[in-house]
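# Fold and contact review
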Amino acid sequence: MPPARRSRTASSKSASGPAELPALHLTRFLPYRLSVLANTVSHTLAKLYEKRFGITIPEWRIIAVLGGGETMSAGEIAQRTAMDKVQVSRAISRMLDSALILRESGDTDRRKALLTLTPKALAIYAEIVPMALSYEEEVTDALSIDERAQLDTLLSKLQARADQLAARPAPVDAQAVTEAVAETVDE
């Protein structure tokens, strides 16, 4: 895949003004491409369950995370699903109103509410999982078995790197961003 940016043109400063900025080719920019792909996959899958079960993408993600029988707090769900805490909170409110989850106080920390799925949500989970796995199979049919394994490895590497970069303190300015990226590339 060609890079999403190109280097500066011949001179870094033209007679008419400041240096020309590198061009960003959005359709080749990895963050954009990953976002579009994730949204396309999520929204296509959502069409399979939104009408039938009346749940949203955030609600499905919560059901999917708790579907293995786990009990979690809203904060843990937000962290596991990479959803915004406000988005998780709104989904939890709707799910409590729809009797899809139960909220209980924690044994050691009464301020920390723990969430579990109700039998109604577990039944939804049991119906959606085969549909979701079938859809995943359809999407990945475009890849050979080796390519699927390679994709899994590459996604794991990219996630680990993104987590590493996310943990780094935020740079103060654009120059600091450039320097920070240059430092991590040299590592």
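Cut-offs used in this document
- Residues numbered from 1 in each chain as written.
- Predicted model: local features only at pLDDT ≥ 70, side-chain atom pairs only at ≥ 80, totals over all residues.
- Heavy atoms only, no water.
- Phe/Tyr/Trp six-rings, centres within 6.5 Å; stacked < 30°, edge-to-face > 60°.
- Helix = DSSP H or I, 4+ residues; strand = E, 2+ residues; numbered from the N terminus.
- Buried < 20%, exposed > 50% of the residue type's maximum accessible area, 1.4 Å probe, protein only.
- Core = buried A, V, L, I, M, F, W, Y, C linked by side-chain atoms within 4.5 Å.
- Contact = heavy atoms within 4.5 Å.
- pLDDT = per-residue confidence, 0-100.
- Arc of directions from axis to C-beta.
- Patch = residues over 30% accessible without salt bridge, like charges linked within 9 Å, V, L, I, M, F, W, Y side chains within 5 Å.
- Areas by Shrake-Rupley, 256 points an atom, 1.4 Å probe, with all protein chains shown as cover.
- Salt bridge = Lys/Arg side-chain N within 4 Å of Asp/Glu carboxyl O.

### Some words on the packing of aromatic side chains
Throughout the structure, instances matching the rule amount to two aromatic pairs. Judged by centre distance (5.8 Å) and plane angle (40°), the rings of tyrosine 49 and tryptophan 60 are tilted. With tyrosine 49 in helix H1 (residues 30–53) and tryptophan 60 in helix H2 (residues 57–66), this pair connects stretches of sequence that are 11 residues apart. For the pair tyrosine 49 and tryptophan 60, one class covers both residues: buried. Site record: aromatic cluster; members linked through ring pairs are Tyr49, Trp60 and Tyr125.

### Notes on the nonpolar core
Within the largest apolar cluster, 28 residues are counted, with the highest numbers of intra-cluster contacts made by Tyr49, Ile55, Ile62 and Leu66. With six residues, the single largest contributor to this core is H2. If we ignore the near neighbours within four places in the chain, the residues touching leucine 66 are Met72, Ile77, Ile101, Leu115, Thr116 and Leu117.

### Topic: the confidence of the model for the protein chain
Of the residues in the protein chain, 79% reach a pLDDT of 70 or more, and the chain-wide mean stands at 86. Segment residues 7–12: pLDDT under 50, and seven contacts once partners within four positions in sequence are set aside and those in other chains are kept.

### Describing helix H3 (residues 74–81)
Helical periodicity: at 3.6 residues per turn, an α-helix aligns residues three or four positions apart in one direction. For H3, every residue scored as buried is listed here: Ile77, Ala78 and Thr81. Across the axial projection of H3, the buried residues extend over an arc of 100°, all falling on one side. Where the residues of H3 are buried, they touch H2, helix H4 (85–97) and strand E2 (113–117). Looking one or two residues past H3, alanine 82 carries a phi angle of roughly 60°, positive in sign.

### Description of a nonpolar patch on the surface
Judged by side-chain polarity, Leu24, Leu26, Phe29, Tyr32 and Val36 come together as a nonpolar surface patch covering roughly 420 Å² of accessible area. Inspection of the secondary structure puts leucine 26 in the segment before H1. The exposure class assigned to leucine 26 is partly exposed, which follows from its relative accessible area of 40%.

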